[in-house]
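Fold and geometry: a report
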Amino acid sequence: MNAMAHDETSPMKQRLAISTSRMAGLLLFAALGGAAAFGPALVGHDPASQSLLDARQGPSAEHLLGTDHLGRDMAARLLSGARLSLGLALLSVVSAGIPGALLGVLAARSGGWTDRLLTAFADAVLALPGLLLVLMLAAIAPGSWWALYVGISLTLWVEYFRYTRQRARVVLAAPQVEASRMLGFGPSLILRRHLIPEIGPGLLTIAAFGAATAVTAVAALGFVSVGIRPPQAEWGVMMTELLPYWREAPWLILQPVAALVLTVLALHLSVGGMRRP
């Protein structure tokens, strides 16, 4: 009896833990998004304004998170970097997700040569390493945000396409969809009633992981001086600039690192308990 009771309550506890982790991730991401959207105006400092007399100061009433090696306000720069990273990640996910999902549905619905050609094109894009593609575009337009945006979007869309194509083929062959067709219902109703409820949660999971990948890629490329360039406030660029001062002011370089970790953690927790498709 005790074993049976334990087996019955374990799924409930697991669902509760999953819900708690997802809620924590969503709240953390909402806080980060709100800070990125409204924080720079509330801080009251220009992220590019320099004052060498105030270089490497600790947190104070005027500078909540201190100042960097050029006397620039760290809070203003962190929030400006959050706006850049999250905005670029959101734009990349939307630009990759919508066409990727639509092409996946088209391939699953049409079949034949349409399916073969779209699948072959996706495989060809997948064969090219995503990092190499981003580096090529960044070399063409060094320091430009649009090169990162285009490269990340071209890398991410394949995952949406492959997942949507696989799931849509199963859903479109289901008996309930066949019944809807026999009753004369059109493609729009089948899309709303059958496809979106089945495919939507998986697409949201892919979007969360894709956004985390985009944020990490932007920071990594900025750290190696390939992506965004100074004086633009970006977390990877800030790490590179503050790295020489890690002994004198270790709290400075820890701030962009902590911002990056919290953002990726929030995105991963927001889909906690859901397996990646």
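A few points on the structure. (Residues numbered from 1 in each chain as written. Predicted model: local features only at pLDDT ≥ 70, side-chain atom pairs only at ≥ 80, totals over all residues. Heavy atoms only, no water.)

One pass over the structure, following the stated rule, counts 7 salt bridges. Residues R72 and D68 are paired through a salt bridge, measuring 2.8 Å at the closest nitrogen-oxygen approach. On the accessibility criterion, R72 (1% relative accessible area) is buried. For E198, the salt bridge identified is with R167, shortest N-O distance 3.1 Å. On the criterion of sequence distance, the pair formed by E198 in helix α7 (residues 187-223) and R167 in helix α5 (residues 145-172) is long-range, its members being 31 residues apart. Here E198 falls in the partly exposed class, since its relative accessible area comes to 41%. We classify R167 as partly exposed; its relative accessible area is 24%. Among the ionic contacts, a cluster of salt bridges with common partners joins D68, R72, R77 and E241. (Salt bridge = Lys/Arg side-chain N within 4 Å of Asp/Glu carboxyl O. Buried < 20%, exposed > 50% of the residue type's maximum accessible area, 1.4 Å probe, protein only. Helix = DSSP H or I, 4+ residues; strand = E, 2+ residues; numbered from the N terminus.)

Restricting attention to buried positions, one finds in helix α4 (residues 130-140) the residues L133, V134, L137 and A138. Here the buried residues of α4 occupy an arc of 130 degrees about the axis, which is enough to place them on one side. Seen from the open side of α4, the exposed residues pointing more than 90 degrees away from its buried face are L131 and A139. (Arc of directions from axis to C-beta.)

With that settled, the discussion passes to helix α8 (residues 235-242). The element α8 is extensively covered by neighbouring structure, given that 7 of its 8 residues are classed as buried. Taken together, the buried positions of α8 are occupied by W235, G236, V237, M238, M239, E241 and L242. Between the side-chain oxygen at the start of α8 and the backbone nitrogen of G236 there is a gap of 3.0 Å, and the oxygen is on E234. (Polar contact = N/O pair within 3.5 Å; in protein donor to acceptor, adjacent residues only side chain to side chain.)

Below, the discussion takes up the side chain of D115. Position of D115 among the secondary structure elements: in helix α3 (residues 112-127). For D115, a relative accessible area of 10% gives the class buried.

The biggest cluster of nonpolar side chains holds 56 residues, and the ones touching the most others in it are L148, Y160, L195, W235 and L260. At the level of elements, α2 (74-110), α3, α5, α7, α8 and α9 (250-269) are the ones that each hand at least two residues to this core. When neighbours within four sequence positions are excluded, L260 is seen to be in contact with V215, T216, A219, W235 and M239. (Core = buried A, V, L, I, M, F, W, Y, C linked by side-chain atoms within 4.5 Å. Contact = heavy atoms within 4.5 Å.)

With that settled, the discussion passes to the side chain of S270. The residue S270 is located in the segment after α9 in this model. A polar side-chain atom of S270 sits 2.6 Å from the main-chain carbonyl oxygen of L267. Those residues within four positions of S270 in sequence are excluded, and the remaining contacts are R22, G25, L26 and A208.

Following P230, the chain continues to P231 via a peptide bond in cis, the omega torsion being 5 degrees. Structurally, P231 is set in the loop between α7 and α8. The phi dihedral of R56 falls on the positive side, at around 55 degrees, and the residue is not glycine. With respect to the helices, strands and loops of the structure, R56 is situated in the loop between α1 (2-43) and α2.

At a minimum axis separation of 8 Å, α4 and α5 run at an interaxial angle of 155 degrees. Taken together, the axes of α4 and α5 are roughly antiparallel relative to one another. Between α4 and α5 lies a crossing whose hand is right-handed. Seen from α4, the contacting residues are G130, L133, V134, L137 and A138; seen from α5, they are A147, L148, V150, G151, I152, L154 and T155. Here the residues of the contact of α4 with α5 are counted per class, giving 9 nonpolar, 3 polar and no charged. (Axes fitted to C-alpha atoms, helices over the stretch in contact; angles between N-to-C directions. Parallel < 35°, antiparallel > 145°, perpendicular 65-115°, else oblique. Left-handed = near helix turned anticlockwise from the far one by under 90°. Nonpolar A, V, L, I, M, F, W, Y, C, P; charged D, E, K, R; others polar.)

Here we come to the packing of aromatic side chains. Tallied over the entire structure, the rule returns 2 aromatic pairs. Here the aromatic residues F121, W157 and F161 are joined through ring pairs into a cluster of three or more. Taking the ring centre of W113 as reference, the NZ or CZ of R116 above it sits at 5.3 Å. (Phe/Tyr/Trp six-rings, centres within 6.5 Å; stacked < 30°, edge-to-face > 60°. Lys NZ or Arg CZ within 6 Å of the ring centre and 35° of its normal.)

A word on the environment of Y163. Tracing the sequence through the fold places Y163 in helix α5. Overall, Y163 belongs to the buried group, its relative accessible area being 13%. Remark: the alpha-carbon pair of Y163 and G104, spanning 59 residues in sequence, is separated by 7.5 Å.

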